[in-house]
Amino acid sequence: MYKDLNTSERTQMTPGPVEVEPRVLRAMCTPILGQFDPEFTAIMNETMAMIRAVFQTENRWAFPIDGTSRAGIEAVLCSIVEPGDKVFIPIYGRFGHLLVEIAERYGAEVVTIETEWGNVFEPETVIQEIKKVKPKIVAMVHGETSTGCMQPLKAIGEACRELDVLFVVDAVATLGGAAVKVDEWKIDAAIGGTQKCLSVPSGMAPITFNSRVEKLLLERKKIEQGLVEPGKAKNNQSRMIRSNYFDLSQLMDYWGPARLNHHTEATSMIYALREGLRIVLEEGLEERFARHALHEKALMQGITAMGLELYGNPECKLPVVTAITIPAGLDGESVRKMLLEDFYLEIASSFGPLKGKIWRIGSMGYSCRQKNILTVLGALEAVLIRHGAKVYAGKAVQAALDVYQAAKAK
């Protein structure tokens, strides 16, 4: 016989997934409604409105893709990339390479530039390359969790608009934890994720896109033959979007007033997303960003007081992920294993050229709170001492407490 499901309680301090807000878990127990029940379509409309607010946009189109963050990225790229299109992608970590992977699979001619992991690009460097390459689309990562760095986007977005280039941004790591100003930064399409700063389980990807993208989608639109009403002509679309599931032109009819059937909705995930977004807006965007910055500061002060070295250029640090250089001679995976087994706490390693070289601690959403920051600092210090590492015992938690006490005194 199989046992009942009874998972361990963990302190989740990775860059995703993070601890889910308890109110979100409760929302997921809400009774299921039919996806075209007026009560449910009202919930869909509320969710769209809240997605707009969190992305800081007036775009008409803002809705979730059913699937993980990668599903959102693929939905946007497959819907706007046509074979032979030139797509320019500046890479400064693992997820820039993911953008290349997806764009190439849909027939794009991809042009890239790369910089050393741990840094980002000067906006002018990107802009000069855009002028040289003359792409149809520029795709960039906003917050690169593999390196703990964040790319400034405003000037790049403005240049793309002036040059009539579509600007697509992966904001999966930053949405709900740092400012993502879609309209101000002239972003044409942006993708978020639920499992990071929104503190919702993985399984949905909020996206938004503007009228420039909508125009292209309508040019490629194809209605499924099984949905065409009797007497109406077949839609022979030579430029149709190659994915059915990720076809944004069809999803516009599903989320818009037509309510044209596309897929069976992941109802409980809509409940979860709606509640997660509601909590973000209840806290207030600026207040939420300030909270993430406070706990980031406490974590960094504790890490450096312990005697560890932060990885990456501090001028472009991602506020919700802190990367730490693993001391020479130390088995980083053994440290992570002991944290998990003895402290029920998880931090992350990294990928590619940084595998085994850094740890990454996420301070995102519901996981971003004083209890968790103090716990991870105390536990990491204890495990490092057990591994024979040279650390300043007792300093880390005290340094973080200094940050918190100073904040309370203001």
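Structure shown above.
Here's a quick rundown of the structure. (Residues numbered from 1 in each chain as written. Predicted model: local features only at pLDDT ≥ 70, side-chain atom pairs only at ≥ 80, totals over all residues. Heavy atoms only, no water.)

## Side note on the nonpolar core
Inside soluble globular proteins, nonpolar side chains tend to come together where they are buried. To keep it simple, the criterion reads: Side-chain atoms within 4.5 Å are what join buried Ala, Val, Leu, Ile, Met, Phe, Trp, Tyr and Cys residues into a set we call a nonpolar core. With a 1.4 Å probe rolled over the protein chains alone, any residue whose accessible area is under 20% of its type maximum counts as buried; one over 50% counts as exposed, and the rest are partly exposed. Note on definitions: a residue-residue contact is assigned when non-hydrogen atoms from the two residues lie within 4.5 Å.
Counting 96 residues, the largest nonpolar core has Phe-63, Ile-65, Phe-209 and Leu-248 as the members making the most contacts within it. Excluding anything up to four places from it in sequence, Phe-63 contacts Met-48, Ile-51, Ala-205, Pro-206, Ile-207, Phe-209, Leu-248, Leu-251 and Trp-255. In this structure, Met-13, Leu-339, Trp-359 and Ile-361 belong to the second largest nonpolar core, which totals 29 residues.

## Here's the deal with the side chain of Thr-322
What counts, and what does not: Labels follow the DSSP assignment, with helices taken as runs of H or I lasting at least four residues and strands as runs of E lasting at least two, numbered in each case from the N terminus. Polar contacts here mean pairs of N or O atoms no more than 3.5 Å apart (in protein, one a potential hydrogen donor and the other a potential acceptor; neighbouring residues in sequence count only if both atoms are side-chain atoms).
With respect to the secondary-structure elements, Thr-322 resides in strand 12 (residues 321–325). One polar contact links Thr-322 to Lys-317, side chain to side chain, over a distance of 3.1 Å. When neighbours within four sequence positions are excluded, Thr-322 is seen to be in contact with Glu-296, Leu-299, Met-300, Leu-310, Lys-317, Trp-359, Arg-360 and Ile-361.

## Describing the sheet that holds strand 11 (residues 309–310)
Here is the rule: At least two bridges found by DSSP between two strands are what make those strands a pair.
Spatial strand order, 11-12-14: 3 strands in an open sheet with antiparallel pairing. Every interior strand has two partners, whereas the edge strands, strand 11 and strand 14 (358–362), have only one. The pairing of strand 11 with strand 12 spans 2 bridges and is antiparallel. Following the sheet pairing, Glu-309 is matched in strand 12 by Thr-325.

## Describing helix 3 (residues 69–80)
Put simply, the test is: Helix span, as expected, comes to 1.5 Å for every residue beyond the first.
A rise of 1.5 Å per residue sets the reference length of helix 3, with its 12 residues, at 16 Å; its end C-alpha atoms lie 17 Å apart and thus fit the reference within 8%. With 10 of 12 residues buried, helix 3 lies mostly within the body of the structure. All of the buried residues along helix 3 are Ser-69, Ala-71, Gly-72, Ile-73, Ala-75, Val-76, Leu-77, Cys-78, Ser-79 and Ile-80.

## A closer look at the sheet that holds strand 2 (residues 61–66)
The condition that has to hold: Only the stretch in contact is used when a helix axis is fitted, and all axes are lines through C-alpha atoms; the angle between N-to-C directions ranges over 0 to 180 degrees.
With mixed pairing, 7 strands are arranged side by side in an open sheet as 2-10-9-8-5-3-4. Single-partner strands in this sheet number two, and they are strand 2 and strand 4 (109–114). Direction aside, neighbouring strands of the sheet carry axes that sit 20 degrees apart on average. Here 6 bridges tie strand 3 (residues 86–91) to strand 4, and the two strands are oriented parallel to one another. Within the sheet, the bridge partner assigned to Ile-89 lies in strand 4 and is Thr-112. Across the sheet, helix 3 is in contact with strand 2, strand 5 (137–141), strand 8 (166–170), strand 9 (189–191) and strand 10 (204–209); its angle to strand 9 comes to roughly 160 degrees.

## Here's the deal with the packing of helix 7 (residues 211–219) against helix 8 (residues 248–255)
Note the following rule: Throughout this description, any angle smaller than 35 degrees is read as roughly parallel, any larger than 145 degrees as roughly antiparallel, any in the 65 to 115 degree range as roughly perpendicular, and the remainder as oblique. The residue classification treats Ala, Val, Leu, Ile, Met, Phe, Trp, Tyr, Cys and Pro as nonpolar and Asp, Glu, Lys and Arg as charged. All others, Gly included, are polar.
Contact geometry of helix 7 with helix 8 gives a least axis separation of 8 Å together with a crossing angle of 105 degrees. The pairing of helix 7 with helix 8 is recorded here as roughly perpendicular in orientation. Residues Glu-214, Leu-217 and Leu-218 of helix 7 lie in contact with helix 8, whose contacting residues are Leu-248, Ser-249 and Met-252. Along the lines of polarity and charge, the residues of the contact of helix 7 with helix 8 split into 4 nonpolar, 1 polar and 1 charged.

Everything listed is a geometric property; what it means functionally is a separate question.
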